[in-house]
Amino acid sequence: MLSNQEQAEMAEHLRSTTVVPTELPEDLVACLDAVDHEEMLVPTRIGLTRTIMVKPRDTSGALPLFINFHGGGFVRGYQERDTIFCAMLASKLGCVVIDVDYRLSPEYPFPTALHEAHDVVQFAFSNAGELGIDPARIAIGGHSAGGNLTAAVCLMIKEEGGAMPCLQILDYPFLDAVTDSFVKIGDDETFFTPERLDGFNILHVPKLADRRNPLMSPVLAKPEMLEGLPSALIIIAAKDILRHEAECYARMLVEAGVEVRLRKFLQSDHGFIIANLAEYRQAHALILKALKEAFGLR
């Protein structure tokens, strides 16, 4: 176990450095001008969780909702690019988007962020009328660590019998906290180093036993835990070291009878969707199409 000081120093290093450069195309930034967005504090078992609610303008009636969980290894925080992505979805789909600014490790290790994510989803179902949301059209999704939260929230809901989203979207998700990072990387060229991946793991899941919890490592879920989960769109970057665990989880879902659409982008690496790199336009189109179908939109 690292000391508190060592954890703080590691977290500062991970937060102050990046291996995925972000581009902000003008047309995506312009989506912010087509929506309204405001902070909303949601009561969860952890306390008040900060979210950003993004709404399209000039709409009426109960709207569909997408709940977004950002990436960052559970250590790096919410960024403007997350709101821009959500504004793109809201403006093009005419749906509400709730972007969850969950608490970070090491200050709040596993399962804090998961509990916040789960409770925000259940809050949306329970307060759909007040929020102007159609509870039959609530989808969730996330990038990297956010993909982990998406999968784990669905597993939690299945276990307790709560209201289930109509779709789960996992973008290059982190789904295996057990396999050694050096094994994952192998000889592949990638943005990541084993040390960086291990750093996220050490800070977020310091207890080794927790890493084997299916809510932390969904690839360890038993088949019966997966039965009846929402349809899934799983997006993989072919150059990403997390591609193998995403492919594994997709197979597990299919074998459990869950409808899965799996798409691998051959020219892309980790983080390309939210950082607007390589084949991000095609990925955005795929996400929009999946949400249109899930929401029953034309």
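Reference entry: report on the structure contained in this document. (Residues numbered from 1 in each chain as written. Predicted model: local features only at pLDDT ≥ 70, side-chain atom pairs only at ≥ 80, totals over all residues. Heavy atoms only, no water.)

## Description of the nonpolar core
For step 1, the next point in the chain: In terms of nonpolar packing, the biggest core is built from 67 residues, with Ile67, Leu226 and Tyr249 touching the most fellow members.
For step 2, the next point in the chain: No other element matches helix 6 (residues 145-160), which puts nine residues into this core.
For step 3, the next point in the chain: Those residues within four positions of Ile67 in sequence are excluded, and the remaining contacts are Ile98, Val100, Val120, Val121, Ala124, Ile138, Ala139, Ile140 and Gly141.
For step 4, the next point in the chain: With 39 residues, the next largest nonpolar core counts Leu93, Ala237, Leu288 and Ala290 among its residues. (Core = buried A, V, L, I, M, F, W, Y, C linked by side-chain atoms within 4.5 Å. Buried < 20%, exposed > 50% of the residue type's maximum accessible area, 1.4 Å probe, protein only. Helix = DSSP H or I, 4+ residues; strand = E, 2+ residues; numbered from the N terminus. Contact = heavy atoms within 4.5 Å.)

## Some words on the packing of aromatic side chains
For step 1, the next point in the chain: Evaluation of the coordinates by the stated rule reveals three aromatic pairs.
For step 2, the next point in the chain: On the basis of an interplanar angle of 50 degrees and a centroid distance of 5.9 Å, the ring pair of Tyr172 and Phe272 is categorised as tilted. Taken together, the residues span a long stretch of sequence, with Tyr172 in the loop between strand 6 (167-171) and helix 7 (181-185) and Phe272 in helix 11 (residues 272-275) at a distance of 100 residues.
For step 3, the next point in the chain: Between Phe265 and Phe272 the ring centres are 5.4 Å apart and the planes differ by 55 degrees, which places this aromatic pair in the tilted class.
For step 4, the next point in the chain: Three or more aromatic residues joined by ring pairs make a cluster, and in this case those are Tyr172, Phe265 and Phe272.
For step 5, the next point in the chain: Stacked on the ring of Tyr78, the Lys or Arg Arg50 has its end atom at 5.4 Å from the ring centre. (Phe/Tyr/Trp six-rings, centres within 6.5 Å; stacked < 30°, edge-to-face > 60°. Lys NZ or Arg CZ within 6 Å of the ring centre and 35° of its normal.)

## What about the sheet that holds strand 3 (residues 63-69)?
Within a sheet, neighbouring strands are paired by backbone hydrogen bonds and run either parallel or antiparallel to one another.
For step 1, the next point in the chain: Spatially, the eight strands line up as an open sheet ordered 1-2-4-3-5-6-7-8, and their pairing is mixed. The open sheet has two edge strands with one neighbour each: strand 1 (35-44) and strand 8 (260-265). The mean inter-strand angle of the sheet, taken between neighbouring strand axes irrespective of direction, is 20 degrees.
For step 2, the next point in the chain: Bridging between strand 5 (residues 133-143) and strand 6 involves five bridges; their strand directions are parallel. Bridge pairing links His143 to Asp171 in strand 6.
For step 3, the next point in the chain: Seen against the sheet, helix 4 (residues 112-126) touches strand 1, strand 2 (47-56), strand 3, strand 4 (96-101) and strand 5 and runs at an angle of roughly 110 degrees to strand 1. (Pairing = 2+ DSSP bridges. Axes fitted to C-alpha atoms, helices over the stretch in contact; angles between N-to-C directions.)

## Concerning the pairing of strand 7 (residues 232-237)
Looking along a regular strand, one sees side chains alternate from face to face of the sheet.
For step 1, the next point in the chain: Of all six residues in strand 7, six are buried, a share of seventy percent or more.
For step 2, the next point in the chain: Neither face of strand 7 is exposed, since Ala232, Ile234 and Ile236 on one face and Leu233, Ile235 and Ala237 on the opposite face are all buried.
For step 3, the next point in the chain: Examined bridge by bridge, strand 6 and strand 7 share four bridges and lie parallel to one another. Across the sheet, the residue bridging to Gln168 is Ala232, located in strand 7.
For step 4, the next point in the chain: Examined bridge by bridge, strand 7 and strand 8 share six bridges and lie parallel to one another.

## Some points on helix 8 (residues 194-204)
For step 1, the next point in the chain: Among the eleven residues that make up helix 8, eight are buried, leaving the element largely enclosed by the rest of the structure.
For step 2, the next point in the chain: Against the buried residues of helix 8 lie helix 1 (4-16) and helix 7.

## What about the packing of helix 4 against helix 6?
For step 1, the next point in the chain: For the pair helix 4 and helix 6, interaxial distance at closest approach is 9 Å and the crossing angle is 65 degrees. It follows that helix 4 is roughly perpendicular to helix 6 by the angle criterion. Regarding helix 4 and helix 6, the two cross each other, and that crossing is right-handed. Facing helix 4, whose interface residues are Ala113, Leu114, His115, Ala117, His118, Val121 and Gln122, helix 6 presents Leu149, Ala152, Val153, Met156, Ile157 and Glu160.
For step 2, the next point in the chain: For the contact of helix 4 with helix 6, the residue count by class is nine nonpolar, three polar and one charged. (Parallel < 35°, antiparallel > 145°, perpendicular 65-115°, else oblique. Left-handed = near helix turned anticlockwise from the far one by under 90°. Nonpolar A, V, L, I, M, F, W, Y, C, P; charged D, E, K, R; others polar.)

## Focus on the side chain of Asn68
For step 1, the next point in the chain: By the secondary structure assignment, Asn68 is in strand 3.
For step 2, the next point in the chain: Here Asn68 falls in the buried class, since its relative accessible area comes to 0%.
For step 3, the next point in the chain: Side chain to side chain, Asn68 and Asp99 meet in a polar contact 2.9 Å long. (Polar contact = N/O pair within 3.5 Å; in protein donor to acceptor, adjacent residues only side chain to side chain.)

This is a description of form; function is not addressed.
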